[in-house]
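Chain and residue survey
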Amino acid sequence: QVQLVESGGGLVQPGGSMRLSCSASGSFSSINNMGWYRQAPGKQRELLAFFRADSSLYYVDDVKGRFTLSRNNAENTVYLQMNSLKPEDTAVYYCHALIATDSLTYTNYWGQGTQVTVSS
C-alpha cells in the first residue's frame, strides 16, 4: 500500500515563509513525477509545481520566484518552500505523485491535504 504523508502547514503572516514536506512510503518500483497542488475555498484544485520523470521542474507562473520545490530521492520526499506568502495563497495543499507499482502499472496518489492560512 503506497501512501503520501504530508507535514507542515498552519498559520503564517503575509510575507512570511513556510515549508511543506511529502514522503512516499510503501512498496513501489519508482516515482514518475511528484509535486504539489492546492485548492482554495470555492475554487478548483490547481497544480503548483512538480518534478517530471526526467527530473526537470515545472512551476505555475503564480508561484515562480516565490515557491521552490526540492527533493530527497533517498527518502522519496519532496519539499515545497514557500516564501513571500500572500493571503491568496491560503488553501489546502495536496501532495501528488504518479507512482509505478510495477513495470506496467502507474497509479496516481494523493496526500491527505494540509491547510495553509496566510493572515495577519
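Residues numbered from 1 in each chain as written. Predicted model: local features only at pLDDT ≥ 70, side-chain atom pairs only at ≥ 80, totals over all residues. Heavy atoms only, no water.

**Regarding the pairing of strand E11 (residues 114–118)**
Where we set the bar: Between buried and exposed lies partly exposed: a residue is buried under 20% and exposed over 50% of the maximum accessible area for its type, with that area taken using a 1.4 Å probe on protein chains only. Secondary structure elements are defined from DSSP: runs of H or I of at least 4 residues count as helices, runs of E of at least 2 residues count as strands, and each element is numbered from the N terminus. Paired strands are those between which DSSP finds at least two bridges.
Of the two faces of E11, only one is covered, namely that formed by Thr114, Val116 and Val118; the face formed by Gln115 and Thr117 stays uncovered. Pairing between strand E2 (residues 10–12) and E11: three bridges, direction parallel. Each bridged residue has a counterpart across the sheet, and for leucine 11 the counterpart in E11 is threonine 117. Both strand E9 (residues 91–100) and E11 contribute to a ladder of three bridges, which runs antiparallel. Bridge pairing in E11 places tyrosine 93 opposite threonine 114.

**With respect to the sheet that holds strand E8 (residues 77–82)**
To keep it simple, the criterion reads: Simply put, an axis is a line fit to the C-alpha atoms, just over the touching stretch for a helix, and the angle between two N-to-C directions goes from 0 to 180 degrees.
Reading across from one edge, E1-E3-E8-E7 is the order of the four strands in this open sheet, with antiparallel pairing throughout. Every other strand in the sheet has two partners, leaving strand E1 (3–7) and strand E7 (67–72) as the edge strands with one partner each. Ignoring strand direction, the axes of neighbouring strands in this sheet form an average angle of 20°. Taken together, the five bridges between E1 and strand E3 (residues 18–25) define a ladder with antiparallel strand orientation. Across the sheet, leucine 4 pairs through a bridge with alanine 24, a residue of E3.

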